[in-house]
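If you want the building blocks of each chain, they are given just below.
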Amino acid sequence: MLKFAILLRAMQIFTHSAHNLCKGATFHEDHSFFGDVYGKAEGWYDSVVERIIGLGYEEQVNLQSILSGVVQELNGAPSTDKSVTDFYLFLALQLDEANKMCSQICKHPDATEGTKQLIGGIADELEILEYKVQRRLG
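For clarity, every value in this text was computed on a predicted model and none was experimentally measured.

Student: Would you mind showing me how to read the overall build of the chain here?
Tutor: Each helix and strand counted, the chain has five helices and zero strands in total. Along the chain direction, N to C, the helices and strands of the chain fall in the order α-α-α-α-α. Taking 2.2 N^0.38 as the reference for a compact globule, 138 residues should give roughly 14 Å; the C-alpha atoms of the chain span a radius of gyration of 15 Å, in line with that estimate. When each of the 138 residues of the chain is scored for burial, the buried share is 38%. Long-range pairs, those at least 24 residues apart, make up 78% of the contacts in the chain between residues at least 6 apart in sequence.

Shown next, in the form of structure tokens:
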């Protein structure tokens, strides 16, 4: 689950940046969308990390491992000279990876019912975001 938490933190940082950097004819819609996503990703990250700690794996949650993982996850993120479409394409990759991780976590034999519910709720919202991103990329 730590890798999932790291991906959520990377998604939060990336979409916050995209929120600040988007421009052009669709600025208002894009700015609002990315703002919603980074807010959700921050909440998901917090919930997943609290679950990890609550399940007794506090030693896994340390700043160095989180930051190192986030840097790896953001490798290849579009720079400021890219178009808003590139931001959406990168987010689509993150969402796809996050949904795959949700399935893996829920299928793990040690996953508690509470964890399955938490991850299932996040997966539900991720699928909605995937739909919106695909429609935007249309």
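Student: Help me understand the packing of helix α1 (residues 2-21) against helix α3 (residues 63-73) in this model?
Tutor: Packed helix pairs are specified by the crossing angle of their axes together with the interaxial distance, meaning the distance between the axes. Running from N to C, α1 and α3 point in directions that differ by 60°, and their axes come no closer than 9 Å. Accordingly, the angle class assigned to the pair α1 and α3 is oblique. With respect to the hand of their crossing, α1 and α3 are arranged in right-handed fashion. Together, Leu-2, Lys-3, Ile-6, Leu-7, Arg-9, Ala-10 and Ile-13 of α1 and Ser-65, Ile-66, Gly-69, Val-70 and Glu-73 of α3 make up the contact between the two elements. Within the contact of α1 with α3, the residues separate by chemical class into seven nonpolar, two polar and three charged.

Student: Please explain the environment of Leu-89 as it appears in this structure.
Tutor: Relative to the assigned elements, Leu-89 resides in helix α4 (residues 84-107). Along the primary structure Leu-89 and Pro-78 are separated by eleven residues, whereas in three dimensions their C-alpha atoms are 9.2 Å apart.

Student: I keep staring at the environment of Arg-136 and nothing clicks. Help me out?
Tutor: With respect to the element layout, Arg-136 can be found in helix α5 (residues 113-137). Using a relative accessible area of 31% as the deciding quantity, one classes Arg-136 as partly exposed. Here Thr-26 takes part through its side chain, which lies 2.9 Å from a polar atom of the side chain of Arg-136. Here the side chain of Arg-136 touches Asp-30 through a polar contact of 3.0 Å, side chain to side chain.

Student: Even after reading the chapter, I still don't get the side chain of Gln-94, so can you show me in this structure?
Tutor: With respect to the element layout, Gln-94 can be found in helix α4. When neighbours within four sequence positions are excluded, Gln-94 is seen to be in contact with Leu-7, Ala-10, Met-11, Phe-14 and Leu-74.

Student: Is there a simple way to think about the pattern of salt bridges in this case?
Tutor: Oppositely charged side chains are able to pair whenever their charged atoms sit close together. Counted according to the given criterion, the structure contains six salt bridges. Here Glu-73 and Lys-3 are joined by a salt bridge, their closest N and O atoms 3.0 Å apart. Pair noted here: Glu-73 is in helix α3 and Lys-3 is in helix α1, with a separation of 70 residues, a long-range link. Its relative accessible area of 15% is what places Glu-73 among the buried residues. Its relative accessible area of 49% is what places Lys-3 among the partly exposed residues. Residues Asp-30 and Arg-136 are paired through a salt bridge, measuring 3.0 Å at the closest nitrogen-oxygen approach.

Student: How should I be thinking about the packing of aromatic side chains in this particular structure?
Tutor: Under the criterion given, the structure shown has six aromatic pairs. Plain terms: the ring middles of Phe-34 and Tyr-88 are 4.7 Å apart, the flat faces sit at 40° to each other, and that makes the pair tilted. Separated by 54 residues along the polypeptide, Phe-34 in helix α2 (residues 27-54) and Tyr-88 in helix α4 bring together distant segments of the chain. Comparing Phe-34 with Tyr-88, the two get one shared label, buried. An aromatic cluster is defined as three or more aromatic residues linked by ring pairs; in this entry it consists of Phe-14, Phe-33, Phe-34, Phe-87, Tyr-88 and Phe-90. In this structure, Arg-9 is placed above the aromatic ring of Tyr-45, and the distance from its NZ or CZ to the ring centre is 4.0 Å.

Cut-off values and rules
- Residues numbered from 1 in each chain as written.
- Predicted model: local features only at pLDDT ≥ 70, side-chain atom pairs only at ≥ 80, totals over all residues.
- Heavy atoms only, no water.
- Helix = DSSP H or I, 4+ residues; strand = E, 2+ residues; numbered from the N terminus.
- Rg over C-alpha atoms; globule rule 2.2 N^0.38 Å.
- Buried < 20%, exposed > 50% of the residue type's maximum accessible area, 1.4 Å probe, protein only.
- Contact = heavy atoms within 4.5 Å.
- Axes fitted to C-alpha atoms, helices over the stretch in contact; angles between N-to-C directions.
- Parallel < 35°, antiparallel > 145°, perpendicular 65-115°, else oblique.
- Left-handed = near helix turned anticlockwise from the far one by under 90°.
- Nonpolar A, V, L, I, M, F, W, Y, C, P; charged D, E, K, R; others polar.
- Polar contact = N/O pair within 3.5 Å; in protein donor to acceptor, adjacent residues only side chain to side chain.
- Salt bridge = Lys/Arg side-chain N within 4 Å of Asp/Glu carboxyl O.
- Phe/Tyr/Trp six-rings, centres within 6.5 Å; stacked < 30°, edge-to-face > 60°.
- Lys NZ or Arg CZ within 6 Å of the ring centre and 35° of its normal.

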